[in-house]
Amino acid sequence: MEADFWHQKWERGELGFHLSEANPLLVQHFSALGLQRGQTVLLPLCGKTRDMVWLLEQGYQVRGAELSQLAAEAFFAELGVTPEVSDCGALTCYQAENIVIYCGDFFSLQSEVLGAVDAVYDRAALVALPPDMRSAYTQHLRTLSGDAPQLLIAYEYDQLAADGPPFAILPEEVAQHYAASHHLQLLNRVHVEGGLKGKVAATEAVWHLTPLQSR
């Protein structure tokens with residue numbers, strides 16, 4: 001999926017994927033990661049999600065990666081905070097207390113810029129990418145995070161019945177990307193009320209990915 005697709009979504013305000021409050025599945029299952037206050041959570045393709053506000057309120061350091069500067073600006077505006085804006089190589093950094101959002105091509109974000117990551121929360125990234133981009137994405141994410149534990153939320157539905165994004169990510173594909181590096185535990189499956197886009201029955205699956213080797 002080309003970057004222009006997402007830029008146009010933000011420019012037109014087509015934010016059907018955006019929730020007005022923290023995702024209930026995050027609130028319910030984040031404790032599975034076993035983090036301590038002050039540890040760092042990476043949210044790839046974070047948009048302006050309220051999940052970041054919830055994580056800040058719980059006392060975590062938040063690092064977001066996002067393509068659209070409009071999304072980052074909207075997040076800080078809604079937070080009522082004026083961020084410090086700077087160039088970070090090929091990316092633009094929006095920084096305030098306990099949070100940095102790196103704007104630009106996700107594949108341009110490098111470990112030396114990001115710093116250490118204690119966990120990953122992926123609700124909006126893997127499901128947003130077409131099949132031909134997912135392997136490169138998960139490999140880069142693993143490199144950035146040092147194979148950190150992860151809370152992954154994926155949609156499950158008949159891909160032939162509706163177009164993505166969000167795309168269907170079935171258990172076999174989760175294993176394809178992560179079984180060689182992580183233990184995979186399905187924490188929950190919940191029905192999507194009204195179906196996905198009102199078109200097709202769907203569930204959201206919550207995965208806890210634990211690194212096979214100690215970090």
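Residues numbered from 1 in each chain as written. Predicted model: local features only at pLDDT ≥ 70, side-chain atom pairs only at ≥ 80, totals over all residues. Heavy atoms only, no water.

Student: Before we move on, can you summarise the pairing of strand β6 (residues 119-122) with the specific residues and values?
Tutor: Burial along β6 is two-sided: Ala119 and Tyr121 and Val120 and Asp122, pointing in opposite directions, are all buried. As judged from the 2 bridges shared by strand β1 (residues 40-44) and β6, these two strands associate in the parallel manner. The residue of β6 that forms the bridge with Val41 is Ala119. In this structure, β6 lies alongside strand β7 (residues 150-156), joined through 3 bridges in parallel fashion. By the bridge assignment for β7, Asp122 is matched with Leu152. Between β6 and its parallel partner β7, the chain crosses via helix α6 (residues 131-145), and the hand of that crossover is right-handed. (Buried < 20%, exposed > 50% of the residue type's maximum accessible area, 1.4 Å probe, protein only. Helix = DSSP H or I, 4+ residues; strand = E, 2+ residues; numbered from the N terminus. Pairing = 2+ DSSP bridges. Right-handed = clockwise from strand over helix to strand, strands pointing away.)

Student: Requested: an account of the packing of α6 against helix α7 (residues 171-178), with residues and values cited.
Tutor: In the contact formed by α6 and α7, the axes pass within 10 Å of each other and the chain directions differ by 50°. Here α6 lies oblique to α7, going by the angle between them. In the packing of α6 onto α7, the handedness of the crossing is right-handed. Judged by residue contacts, Arg134, Ser135, Thr138, Leu141 and Arg142 of α6 engage Glu173, Gln176, His177 and Tyr178 from α7. Within the contact of α6 with α7, the residues separate by chemical class into 2 nonpolar, 4 polar and 3 charged. (Axes fitted to C-alpha atoms, helices over the stretch in contact; angles between N-to-C directions. Parallel < 35°, antiparallel > 145°, perpendicular 65-115°, else oblique. Left-handed = near helix turned anticlockwise from the far one by under 90°. Contact = heavy atoms within 4.5 Å. Nonpolar A, V, L, I, M, F, W, Y, C, P; charged D, E, K, R; others polar.)

Student: Residue-level account of the state of the cysteines, with values.
Tutor: Scanning the model with the defined rule gives 1 disulfide in all. Put simply, Cys88 and Cys93 are joined by a disulfide, and their sulfur atoms are 1.8 Å apart. Looking down the S-S bond of the Cys88 and Cys93 bridge, the torsion is -140°, so its handedness is left-handed. On the basis of relative accessibility, which here comes to 2%, the residue Cys93 falls in the buried class. The structure places no disulfide on Cys46, whose sulfur is separated from the nearest cysteine sulfur, that of Cys103, by 7.2 Å. (Disulfide = S-S within 2.5 Å.)

Student: Mind laying out the UniProt feature "binding site: S-adenosyl-L-methionine" (unreviewed entry) in the chain, listing which residues take part and the relevant values?
Tutor: In this structure's numbering, the residues bearing the UniProt feature "binding site: S-adenosyl-L-methionine" (unreviewed entry) are Trp10, Leu45, Glu66 and Arg123. As for its position among the elements, Leu45 is in the loop between β1 and α3 (51-57). With respect to the helices and strands, the residue Glu66 is situated in strand β2 (residues 61-66). Separated by 2.7 Å, the side chain of Glu66 and the backbone nitrogen of Gly47 make a polar contact. (UniProt positions renumbered as here; feature names shortened; annotations may be inferred. Polar contact = N/O pair within 3.5 Å; in protein donor to acceptor, adjacent residues only side chain to side chain.)

Student: Account for the sheet that holds β7, with residues named and values stated.
Tutor: To summarise the sheet geometry, strands pair through backbone hydrogen bonds and adopt either a parallel or an antiparallel arrangement. Here 9 strands make up an open sheet; going across it, the order is β3-β4-β5-β2-β1-β6-β7-β9-β8 and the pairing mixed. Only two strands of the sheet have a single neighbouring strand rather than two, namely β3 (84-88) and β8 (182-191). Direction aside, neighbouring strands of the sheet carry axes that sit 20° apart on average. With respect to the sheet, helix α4 (residues 69-79) is in contact with β2, β4 (91-96) and β5 (99-103), its orientation differing from that of β5 by roughly 160°.

Student: Go over the confidence of the model for the chain with me, naming the residues and quoting the values.
Tutor: Scored by pLDDT, the chain comes out at a mean of 92, with 90% of its residues at no less than 70. Low pLDDT, under 50, characterises residues 9-15; the stretch is placed with 12 contacts to residues that sit more than four places away or in other chains. (pLDDT = per-residue confidence, 0-100.)

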